[in-house]
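# Commentary on secondary and tertiary structure
The residues making up each chain are set out below.
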Amino acid sequence: MLFTRRTVVQAGGCAAAALAVGNGPAIPAVGASDAPRPGATGEALPLRSDTTTQGDVLAGFRKDHVCLFLIRFGEFTKARRWLGDLLPELSTTEQVARFNERFRRARQLRNGADPTTMAALWTGISLTHAGLGHLAQRDPFPAVPPGGTAEAFCDGPGARARQLGDTGPSAPDSWLFGAAADSVHAVLTLASDRPEQLEEVSARHRDSLRRAGAEIVFRQDGATLPGALHGHEHFGFLDAISQPGVRGFHSADATGTGVQGKPGTRLIPAGEFIVGQERVGQRPAGLPVWATGGSFQVVRRLAQDVPGWWEQARVLLKELKKSGAAPADATPRWLAARFVGRWPGGAPVATCPMAEKAVPPGADAGNDFDFHDDPQGWTTPLFAHIRKASPRGGLVTTPGRPPLPASALDNRRIIRRGIPYGPAHREDSGPADRGLVFVSYQADLVEQFEFIASKWCNNTDFPPARHPRPGADTVIGPPSPVCFESAAPSGSRATTLDFQNFVRTEGALYAFTPSIPTLRALAEGSLDNAIEVHPGTVLRPGDSLDAGSVRLCFETSGELALQAEDGHALWSAGTAGAGVDALFAANGELGVRDATGKPLWSSRTGGAPGARLLVRPSGDAVILRNGRPVWSVPTSSS
């Protein structure tokens, strides 16, 4: 499901304390002198040994007990000192990944049972736009181009609530946190296997924050559900079965496009999750230096009305039986599985539509399927949660045309790291405060999280151009009529169901999970907001990297140019009329190419792997090697 992930016990490092296509190999993060680089140690999976990125993004904390402190800082010098003191406790990708692998092997030896002797604590920190600005005492962005992820980050989810579907009972005026973009500065994540350890560490952090003059605006606790519901969310479904594989972190299968040992799980370029790695189609990130090695974080508190959701399934099942669209012996569990797209135990409806197939403990619930053979949604309805949130191969965007390949959706994936909160529902229990703490990581808030929410899950006309419309996501979408399509002697039967929403947003934040070098610089009062062009990036006609006073553009004429704020050219490569794109190569060379790939212009800086291309607010573009310019274009004053 979109909500969260299956929780498994982990331990390690900090125990003491619209559709783009394309694919390609990962490029190492750059911008920090101690960033990992492929080939530096001979490793095939360099991101697994990354000591500069925080561990929850790629490796995943995945503890049974989690506490989130939502923090508002006081005086900025005290906040910087607090951050500096926190740095040694932060858990890195290398630490978390190393332990996770040990844990996985121990679990295999126990036939899928969790080992009981492996436990520790993970710690992570994310900062909102207001928090970054407060610590740096400057604006994190030299410019905020409209429509991009920088604008979304600055706005915060409260200002974008309508497009995210947060209206009515989910509107920001009823939120517990996040309604105002500047109300929270930081999210401190503490994750542990043992509740007593988590409470002890939480108390220590409360004291250190108090001494730093900071306020805990909100505390959000979460815990894995007990017993048979372990790894499930409150509606009773096994969660986070389908997570993307990441190039450079997960081993590739024989095809090179999937994850070894996980059939159906695609490998996605790491730049879709970590800024600075290669993205799908080698697209530019267009973000400042401080973002390199980090990831945008979405935090949402989603309340769940469990009895209401299941009662709706019972009522709607009667309607389907009356219309002949459901078998006479179908149960509410049968229909609920179609709302989700999987049976409660995790087996996909696509591969076992008639009855649930048991998934042995520790076994893969199954991702080796798509929807090519089910374009009408007769098996997995078009409104099913897994089909709305991640359409897989088989998405038909124009009726009568061939479906899109799975690779066309690679730039719409997110990594989910949430956890349930509140007690598990029992038939004899009354109302309770329960739901999901949704946490996701992505490199682009607009093209990933917001796109999935607004264009897919909440959109009643997705998949598009169908009559009647499919309706919204039947787990997290807004109230809407949904079309239950089924086979009939005449071809197809469409039964419209009036679906109500039983998930309510009670708080939301956009934050950024910076690299350790960026956090270290912030603790010292520094934040580099020059725009970075990462190795492997391709600029295409219309691309513009805006540093405020200047912007580097690849114009529709085929010209690579540095423009002043008012639009007049400060420098150009002289490639108008012939240039097709510009590549900043891994060897440190910036070049413009024609339609055949022939070089038309070059910075002549090849042979400088690890070089960095920056567009600086001071008014120039420069390629740096070991901190020294090897190519630059003049400032507006020269």
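First, a word on scope: everything that follows refers to the structure included in this document.

Definitions and cut-offs
- Residues numbered from 1 in each chain as written.
- Predicted model: local features only at pLDDT ≥ 70, side-chain atom pairs only at ≥ 80, totals over all residues.
- Heavy atoms only, no water.
- Helix = DSSP H or I, 4+ residues; strand = E, 2+ residues; numbered from the N terminus.
- Rg over C-alpha atoms; globule rule 2.2 N^0.38 Å.
- Buried < 20%, exposed > 50% of the residue type's maximum accessible area, 1.4 Å probe, protein only.
- Axes fitted to C-alpha atoms, helices over the stretch in contact; angles between N-to-C directions.
- Left-handed = near helix turned anticlockwise from the far one by under 90°.
- Contact = heavy atoms within 4.5 Å.
- Nonpolar A, V, L, I, M, F, W, Y, C, P; charged D, E, K, R; others polar.
- Phe/Tyr/Trp six-rings, centres within 6.5 Å; stacked < 30°, edge-to-face > 60°.
- Pairing = 2+ DSSP bridges.
- Polar contact = N/O pair within 3.5 Å; in protein donor to acceptor, adjacent residues only side chain to side chain.
- Salt bridge = Lys/Arg side-chain N within 4 Å of Asp/Glu carboxyl O.

Turning to the overall build of the protein, a few remarks are in order. Secondary structure summary: the protein contains 12 helices and 26 strands in total. Here the C-alpha atoms of the protein give a radius of gyration of 25 Å, agreeing with the 26 Å that 2.2 N^0.38 yields for 638 residues. Reported as C-alpha extents along the three principal axes, the dimensions of the protein are approximately 80 × 60 × 50 Å. For the protein, the residues scored as buried account for 58% of the 638 residues in total.

Attention shifts here to the packing of helix α2 (residues 76-86) against helix α12 (residues 516-523). Relative orientation of the contacting elements α2 and α12 amounts to 145°, with a least axis distance of 8 Å. Here α2 runs over α12; the crossing is left-handed. Where α2 abuts α12, its residues Arg 80, Leu 83 and Gly 84 lie against Leu 519, Leu 522 and Ala 523. Classifying every residue of the contact of α2 with α12 gives four nonpolar, one polar and one charged.

Within the structure shown, the criterion is met by 26 aromatic pairs. Between Phe 73 and Trp 82, the ring centres sit 5.8 Å apart and the planes meet at 55°, which makes this aromatic pair tilted. Trp 82 shares its class with Phe 73; the two are buried. Measuring from centroid to centroid gives 5.2 Å for Trp 290 and Phe 512, while their planes differ by 90°, and the two rings are edge-to-face. With Trp 290 in the loop between β7 (262-268) and β8 (295-304) and Phe 512 in strand β14 (residues 503-513), this pair connects stretches of sequence that are 222 residues apart. Take Phe 512: its relative accessible area is 0%, and that puts it in the buried class.

For strand β1 (residues 65-72), the buried fraction is high: six of the eight residues fall into the buried class. As paired elements, β1 and strand β3 (residues 186-192) share seven bridges and run antiparallel to each other. Bridge pairing links Ile 71 to Ala 186 in β3. When β1 meets strand β4 (residues 215-223), the two strands line up antiparallel, connected through eight bridges. By the bridge assignment, Leu 70 is partnered in β4 with Phe 218.

This part covers α12. Inspection of α12 places Ile 516, Pro 517, Thr 518, Leu 519 and Leu 522 among the buried residues, and these make up the whole buried set. Buried residues in α12 make contact with α2, β2 (121-127) and α4 (129-136). Where α12 begins, one side-chain oxygen reaches toward the backbone nitrogen of Thr 518, 3.2 Å away; that side chain belongs to Ser 515. Positive backbone phi, approximately 85°, marks Gly 525, located one or two places after α12.

Bringing the pattern of salt bridges into the picture now. With the rule as written, the count across this model stands at 29 salt bridges. Between Glu 450 and Arg 160 there is a salt bridge, with its nearest N and O atoms 2.7 Å apart. Taken together, the residues Glu 450 in helix α11 (residues 445-457) and Arg 160 in the loop between α5 (149-155) and α6 (161-164) connect sequence positions 290 residues apart. By relative accessible area, Arg 160 is classed as buried at 8%. A salt bridge links Arg 219 to Glu 199, with the nearest nitrogen and oxygen atoms 2.9 Å apart. In this pair, Arg 219 sits in strand β4 while Glu 199 sits in helix α7 (residues 195-211), placing the two residues 20 residues apart along the sequence. What makes Arg 219 partly exposed here is its relative accessible area of 26%. One continuous salt-bridge network, built from bridges that share partners, spans Glu 199, Arg 206, Arg 219 and Asp 221.

Structurally, Asp 193 is set in the loop between β3 and α7. A relative accessible area of 10% means that Asp 193 is categorised as buried. For the pair Asp 193 and Gly 293, spaced 100 residues apart in sequence, the C-alpha separation works out to 27 Å. Polar side-chain contacts of Asp 193 include one of 3.0 Å to the side chain of Lys 63.

A word on the environment of Val 633. By secondary structure assignment, the location of Val 633 is in the segment after β26 (628-632). For the pair Val 633 and Gly 477, spaced 156 residues apart in the sequence, the C-alpha separation amounts to 49 Å. Residues in contact with Val 633, not counting those within four places in the same chain, are Leu 562, Trp 571, Asp 620 and Ala 621.

The next subject is the sheet that holds strand β23 (residues 599-602). Reading across from one edge, β16-β21-β22-β23 is the order of the four strands in this open sheet, with antiparallel pairing throughout. If you trace the sheet from one side to the other, it starts and ends with β16 (537-539) and β23, each paired once. Put simply, the sheet's adjacent strands are angled 25° from each other on average, direction ignored. Bridge analysis of strand β22 (residues 590-593) against β23 gives three bridges, and the strand direction is antiparallel. Pairing of Val 592 across the sheet is with Trp 601, part of β23.

Before going further, it helps to spend a moment on the side chain of Ser 242. By the secondary structure assignment, Ser 242 is in the loop between β4 and β5 (245-246). Accessibility expressed as a relative area gives 19% for Ser 242, which makes it buried. At a separation of 3.5 Å, a polar atom in the side chain of Ser 242 contacts the side chain of Arg 392. Once residues within four sequence positions are removed from consideration, Ser 242 is found in contact with Arg 342, Asn 367, Arg 392, Arg 413 and Arg 416.

Okay, the pairing of β2 next. Extensive coverage of β2 is indicated by the burial of seven of its seven residues. Here β2 runs beside β3; their pairing, made up of seven bridges, is antiparallel. Looking at the pairing, Ile 125 lines up with Leu 188 of β3.

Moving on, we come to the sheet that holds β5. Strand order in the open sheet formed by three strands is β5-β7-β6, with mixed pairing between adjacent strands. The strands lining the two open edges of the sheet, one partner per strand, are β5 and β6 (258-259). Here β6 runs beside β7; their pairing, made up of two bridges, is antiparallel. Across the sheet, the residue bridging to Gly 258 is Arg 266, located in β7.

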